[in-house]
Amino acid sequence: ATVNASDFPPEARTLPRIGDGLTPDPEKIAALKPDLIIGWLPDQTISLDSLNIPVFISSPQTLADIPDSVETFGVLLGTSGTARNRADALRKKLDSLSNRASQRPLVRVFIQAGAEPEYSLGGDHILSDVIGLCGGVNVFGESSALAPKISIESVIAAKPDLILVGKVGAPAAPAADTQSLAYWKVAGLPAARPGHVFMIDADVLYRPGPRLIDAAT
């Protein structure tokens, strides 16, 4: 079983639903008699304590944590061989990414969290690590907030070379974002003049799994 928003891979859509990811339904979970509960936030599972079901929290903080998580899932699910092979392949991608990035000039990146330019992502978010491994720097990486609120003025002052927008329904790989490009051109952001505004599928960008490594490479 899985949560309402779980839609990848396509086979996940056929599984029973146990409610919203932040507020899973204890009764539905109990009826399914699971051997293990997997979550990404400790607070998610507080309401499930009375079920006395083992809980594993998976919350990768860096790209390097993702292959480690894959291996851990292999141990938990009895598929260690398959998981180890997949994890090793992901690590090779990360090594290749790091080698390429070291040979490129530093690019200042503004991550726009959402279709509307209201928030970015701070240095503690995994996407700061992604940007760093790709040879860039998160222009709001010094913020102590996980998702700092931004303004047009603060973005212009940060002097990004490139804007990356997470959008629902966007391609899995970065693609030109004409809507956001038009907005930032009107706002007078220098990076918009040469068209350095791109969008990527929000699910790929914000879900810290193998697809995020694929998108980074």
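Our structure's up above, just so we're on the same page.
Heads up: these notes are all about the structure in this document. This structure is a prediction, so every number in the text was calculated from the model and none was measured. (Residues numbered from 1 in each chain as written. Predicted model: local features only at pLDDT ≥ 70, side-chain atom pairs only at ≥ 80, totals over all residues. Heavy atoms only, no water.)

**So, the overall build of the protein**
Alright, step 1. Check the secondary structure of the protein and you find eight helices and seven strands.
Alright, step 2. Each of the three principal axes of the protein carries a C-alpha extent, and together these read 55 × 35 × 30 Å.
Alright, step 3. Going through the 217 residues of the protein one by one, you find that 36% of them count as buried.
Alright, step 4. Sequence separation of at least 24 residues holds for 55% of the intrachain contacts in the protein that already meet a minimum separation of 6.
Alright, step 5. For the protein, the accessible surface area stands at approximately 12,000 Å², while carbon and sulfur atoms represent 57% of it.
Alright, step 6. Of the side-chain charges in the protein, 19 are positive and 24 negative, and the distance between the mean point of each set is 7 Å. (Helix = DSSP H or I, 4+ residues; strand = E, 2+ residues; numbered from the N terminus. Buried < 20%, exposed > 50% of the residue type's maximum accessible area, 1.4 Å probe, protein only. Contact = heavy atoms within 4.5 Å. Areas by Shrake-Rupley, 256 points an atom, 1.4 Å probe, with all protein chains shown as cover. Lys, Arg positive; Asp, Glu negative; His and termini not counted. Charge placed at Lys NZ, Arg CZ, Asp CG, Glu CD.)

**Here's the deal with the packing of helix α2 (residues 65-77) against helix α3 (residues 80-101)**
Alright, step 1. In the contact formed by α2 and α3, the axes pass within 8 Å of each other and the chain directions differ by 180°. Here α2 lies roughly antiparallel to α3, going by the angle between them. Touching Pro67, Asp68, Val70, Glu71, Gly74 and Val75 of α2 are Ser80, Ala83, Arg84, Arg86, Ala87, Leu90, Arg91 and Leu94, all from α3.
Alright, step 2. The residue inventory of the contact of α2 with α3, partitioned by class, reads seven nonpolar, two polar and five charged. (Axes fitted to C-alpha atoms, helices over the stretch in contact; angles between N-to-C directions. Parallel < 35°, antiparallel > 145°, perpendicular 65-115°, else oblique. Nonpolar A, V, L, I, M, F, W, Y, C, P; charged D, E, K, R; others polar.)

**Some thoughts on the nonpolar core**
Alright, step 1. Counting 22 residues, the largest nonpolar core has Leu63, Ile66, Ile111, Leu127, Val130, Leu212 and Ile213 as the members making the most contacts within it.
Alright, step 2. When residues of this core are traced back to their parent elements, those giving at least two are α2, α3, β3 (107-113), α4 (126-133), α7 (202-206) and α8 (210-216).
Alright, step 3. Among the elements that line this core, the one with the most residues is α3, at five residues.
Alright, step 4. Counting residues in hydrophobic clusters, the runner-up holds 16 residues, among them Val139, Val155, Val165 and Ala192. (Core = buried A, V, L, I, M, F, W, Y, C linked by side-chain atoms within 4.5 Å.)

**Things to note about the pattern of salt bridges**
Alright, step 1. As enumerated under the stated definition, the model contains nine salt bridges in all.
Alright, step 2. The shortest N-O distance in the salt bridge between Asp214 and Lys93 comes to 2.5 Å. Here Lys93 lies in helix α3 and Asp214 lies in helix α8, a separation of 121 residues in the sequence.
Alright, step 3. Judged by its relative accessible area of 31%, Asp214 is partly exposed.
Alright, step 4. Counted as one network, the salt bridges with shared partners bring together Asp68, Glu71, Arg84, Asp88 and Arg91. (Salt bridge = Lys/Arg side-chain N within 4 Å of Asp/Glu carboxyl O.)

**Re the pairing of strand β7 (residues 197-201)**
Alright, step 1. With respect to burial, β7 is a largely interior element, four of its five residues being buried.
Alright, step 2. Of the pairings in the sheet, the one linking strand β5 (residues 162-167) to β7 comprises five bridges and is parallel in character. What sits directly across from Val165, in β7, is Met199.
Alright, step 3. Pairing of strand β6 (residues 175-176) with β7 involves two bridges; the strand directions are antiparallel. Across the sheet, Ala176 pairs through a bridge with Phe198, a residue of β7. (Pairing = 2+ DSSP bridges.)

**Description of the layout of surface pockets**
Alright, step 1. By volume, the second largest pocket is sized at about 490 Å³.
Alright, step 2. Surrounding the second largest pocket, 22 residues form its lining, Ile131, Cys134, Leu164, Pro174 and Ala216 being those nearest its centre.
Alright, step 3. Contributions of two or more residues to the lining of the second largest pocket are made by α3, β3, α4, β5, β7 and α8. (1 Å grid on protein atoms, 1.4 Å probe; cavity = no way out; pocket = protein on both sides within 12 Å on 5 of 7 lines; lining within 4 Å. Points joined across faces, edges and corners; volume = space filled by probe spheres on them.)

**Topic: the pairing of β3**
Alright, step 1. Examined bridge by bridge, β3 and strand β4 (residues 136-138) share three bridges and lie parallel to one another. The residue bridging Val107 from the neighbouring strand is Gly136, located in β4.
Alright, step 2. Taken together, β3, α4 and β4 constitute a β-α-β crossover, and its handedness is right-handed.
Alright, step 3. With five bridges joining them, β3 and β5 adopt parallel strand pairing. Bridge pairing in β5 links Ile111 to Leu164. (Right-handed = clockwise from strand over helix to strand, strands pointing away.)

**A few points about α4**
Alright, step 1. Every buried residue of α4 is listed here: Ile126, Leu127, Ser128, Val130 and Ile131.
Alright, step 2. Packing partners of the buried residues in α4 comprise α2, β3, β4, α7 and α8.
Alright, step 3. Within two residues after α4, Gly135 carries a phi angle of roughly 90°, on the positive side.

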